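This is what each chain is made of:
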Amino acid sequence: MTFNIITLGCSKNVVDSEVIAAQLQKQGHQVVYESGEKSDVVIINTCGFIGDAREESINEVLMQVDRKKRRQVKKIFVIGCLVKRFKPDLLESVPEVDGYYNFDELSEMLNNEEFQLLGTTDRILSTPRHYTYLKISEGCDHQCSYCSIPLIRGKQVSKPIPMLVEEMQKLADQGVKEVMLIAQDLTYYGVDLTGKQELAKLMEALAGVKGIEWIRLHYTYPLNFPTEILDVMNAHPQYCRYLDIPVQHISDDILKSMRRGGNSKYIHQLIETIREKVPGIALRTTLITGYPGETLEQHKELLAFIKKARFERLGAFTYSQEEHTPAYDLGDPIKKSVKTKRYNDIMKLQEEISLAFNEEKVGTTMKVIVDVEEEDFYVGRTEFDSPDVDNLVFISKDRPLTIGEFYSVAITEATPYDLFGIVKA
Ligand code: SF4
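All residue numbers refer to positions counted from 1 along the written sequence of the respective chain. Per-residue local features are limited, in this predicted model, to residues with pLDDT of at least 70; the limit for side-chain atom pairs, both in listing and counting, is 80 or more; totals at the level of whole chains, interfaces and linings are taken over all residues. Side-chain numbers here rest on the full set of heavy atoms in the structure, without hydrogens or water.

Q: How would you explain the site of the ligand if you had to name every residue and give the values?
A: The environment of the ligand is formed by Cys140, His142, Cys144, Tyr146, Cys147, Ile149, Pro150, Gln184, Tyr221 and Arg260. For this scheme, ten residues count as nonpolar: Ala, Val, Leu, Ile, Met, Phe, Trp, Tyr, Cys and Pro. Four count as charged, namely Asp, Glu, Lys and Arg, and the remainder, Gly too, count as polar. Residue composition of the shell around the ligand, by class: 7 nonpolar, 2 polar and 1 charged. Any residue with at least one heavy atom within 4 Å of a molecule or strand is counted as near it.

This is the structure we're talking about:
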């Protein structure tokens, strides 16, 4: 049969869908990834993290149910985080779906008792051939007050180093050149295996995989940050001078209420240490604005922090009250309009900071990987840019370029979130 796997949510879901696709292909089935492509069965890998994401998932399910009524698809299976959180409600509200499968029920959906999401190294890539994600663990041992992930994905489970090296080599053999390491928290990798943080050891092992030119680290948790990974980053050119380290806030009282551990002094010191140890590193962070009880003073403190820390890449979210999370009982007292105002304050300040960084790149030459060809430009990214979340480089079409290849690009122009340039001969 032909299976259409539709993936919503985060990059961890992308990897899960690719693992499931490999299992189906081993059973002789065909797999397609574009929503709506002709197929016998649709599998929707949902997100259940926050309101907007849940709505998107439910809309996709209802759309596929409609296609089934019009006999465009025979069966619909729904999996992923939305099922984990709301299976009983889904069974009641959308009975037309042929099967709702929790993470520990995927073996049943796949008629393979042995199947485990973290138990295999085989994947059918759904991203452009030259880049992908390597999920080094699933679940999370932290208890951030606003977060539903531990409820959905459970405790951290790390994938052993030999399996990850094998998986990375298989990706390289498929033509992958760029890999984003992902988890709920990279820095805790291995604690469930050996009782110690083993990320540096894993990074050393992955650096030996032939064919991978860029490796980027996403989702590192500030508290107990394993600074030894910075030495590995300096020792191996494959590791991009890039680090995603969500800090969420800077006010000590808010960090305490968020159960993030650590305080503003620790975070300031950590950022200084990282920048000293890896000169020229691009730091990405994520912030939450409008958390219950956040005063105007604490918001101003956050703005002052952004100005001082000067993150090269920054994303922000307005607080979303989530059922069964430790913060749920705090309510959601900050008005939507105030949250939006504070969000806009943050992003306006970041736009200025980002423009200043980009203007420093004008007149320099940067290594760029080409992702797509558009009408007027080739579009690519530097080592400081991950797909879908960071900046882009628009390259003039002076000569034909190959998707997935690296080029030296002379930067000629900068805007807040993009660079423009020409390929150096
Ligand atoms: S580290 Fe905190 S925010 Fe991140 S997944 Fe774990 S509990 Fe959620």
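Q: So, the domain arrangement of the protein: which residues are in play, and what are the values?
A: For the domains described, the bounds stem from an automatic or database domain assignment. When its domains are assigned, the protein resolves into domain 1 (2–109), domain 2 (131–360) and domain 3 (362–423). Taking only C-alpha atoms, the centre of domain 1 and the centre of domain 2 are 28 Å apart. Accessible area that two parts lose when put together, evaluated with a 1.4 Å probe and summed over both, is termed the buried area. Both faces considered, domain 1 and domain 2 share a buried interface measuring about 1,400 Å² in area, 58% of it formed by carbon and sulfur atoms. When residues of domain 1 are sorted by the area they lose upon contact with domain 2, Lys12, Phe49 and Arg85 head the list and together hold 43% of the total. Only one rule defines a salt bridge in this text: a Lys or Arg side-chain nitrogen within 4 Å of an Asp or Glu carboxyl oxygen. Our count for the contact surface shared by domain 1 and domain 2 stands at 4 salt bridges. Polar contact is the term for a pair of N or O atoms within 3.5 Å; when the atoms are in protein, one must be able to donate a hydrogen and the other to accept it, and sequence-neighboring residues count only if both atoms are side-chain atoms. Inspection of the region where domain 1 meets domain 2 yields 8 residue pairs in polar contact (both at pLDDT 80 or more). Note on conventions: DSSP H or I runs of at least 4 residues are helices, E runs of at least 2 residues are strands, and numbering of each starts at the N terminus. Taken together, the elements giving at least two residues each to the side of domain 1 that touches domain 2 come down to helix H1 (11–26), helix H2 (51–69) and helix H3 (81–93).

Q: If you had to explain H2 to someone new, which residues and values would you point to?
A: Helix span, expected: 1.5 Å multiplied by one less than the number of residues in the helix. Relative to the 27 Å expected for 19 residues at 1.5 Å per residue, H2 spans 27 Å between its end C-alpha atoms, a close match to the ideal helical length. Restricting attention to buried positions, one finds in H2 the residues Ala53, Arg54, Ser57, Glu60, Val61, Gln64, Val65 and Arg67. Viewed along the axis of H2, the buried residues span an arc of 160°, placing them on a single side of the element. Across H2 from its buried face, at more than 90 degrees, point the exposed residues Asp52, Glu55 and Lys69. The elements touched by buried residues of H2 are strand E1 (2–7), strand E3 (41–46), strand E4 (75–80) and H3. Backbone geometry just downstream of H2 places Arg71 in the positive-phi region, at approximately 55°. Accessible area is worked out with a 1.4 Å probe on protein chains only. A residue is then buried under 20% of its type maximum, exposed over 50%, and partly exposed in between. Taking the helix axis as origin, the arc is that swept by the directions to the C-beta atoms. In what follows, residue pairs with any heavy atoms lying within 4.5 Å of each other are defined as contacts.

Q: Tell me what's going on with the side chain of His236, and back it up with residues and numbers.
A: Structurally, the position occupied by His236 is in the loop between helix H9 (228–235) and strand E11 (239–244). Filtering out sequence-adjacent residues up to four positions away, His236 remains in contact with Glu204 and Ala207.

Q: Account for the sheet that holds strand E14 (residues 365–373), with residues named and values stated.
A: The pairing criterion for strands is at least two bridges between them, as found by DSSP. Within the closed barrel, the 5 strands sit side by side as E14-E15-E16-E18-E17. Their pairing is mixed. Direction aside, neighbouring strands of the sheet carry axes that sit 55° apart on average. Sheet topology places strand E16 (residues 392–396) next to strand E18 (residues 418–423); 4 bridges connect them, and they run parallel. By the bridge assignment, Val393 is partnered in E18 with Leu419. Orientation is described by axes fitted as lines to C-alpha atoms, over the contacting stretch for helices, and by angles from 0 to 180 degrees between their N-to-C directions. Packing against the sheet, helix H13 (residues 336–361) makes contact with E14, strand E17 (406–414) and E18, and its axis sits at approximately 115° to E17.

Q: I'd like a description of the packing of aromatic side chains, backed by residues and values.
A: Any two of the Phe, Tyr and Trp rings considered here, Trp counted by its six-membered ring, make a pair once their centres fall within 6.5 Å; the pair's planes then place it as stacked at under 30 degrees, edge-to-face at over 60, or tilted in between. Applying the stated criterion across every chain, the model contains 7 aromatic pairs. Relative to Phe394, the ring of Phe377 has its centre 5.6 Å away and its plane inclined at 75°; by these criteria the two rings are edge-to-face. Remark: Phe394 occurs in strand E16 and Phe377 occurs in strand E15 (residues 377–381); sequence separation between them is 17 residues. Overall, Phe377 belongs to the partly exposed group, its relative accessible area being 25%. When its relative accessible area of 14% is taken as the criterion, Phe394 is described as buried. One aromatic cluster in this structure is built from Phe377, Phe394 and Phe420.

Q: Describe in detail the packing of H2 against H3, supporting the description with residues and values.
A: Following both chains from N to C, one finds H2 and H3 inclined at 80°, their axes separated by 11 Å at the closest point. On the basis of the axis angle, H2 is roughly perpendicular to H3. Together, Arg54, Ser57 and Ile58 of H2 and Leu82, Arg85 and Phe86 of H3 make up the contact between the two elements. When grouped by side-chain class, the residues that make up the contact of H2 with H3 number 3 nonpolar, 1 polar and 2 charged. Roughly parallel refers to an angle under 35 degrees, roughly antiparallel to one over 145, roughly perpendicular to one between 65 and 115, and oblique to any angle outside these ranges.

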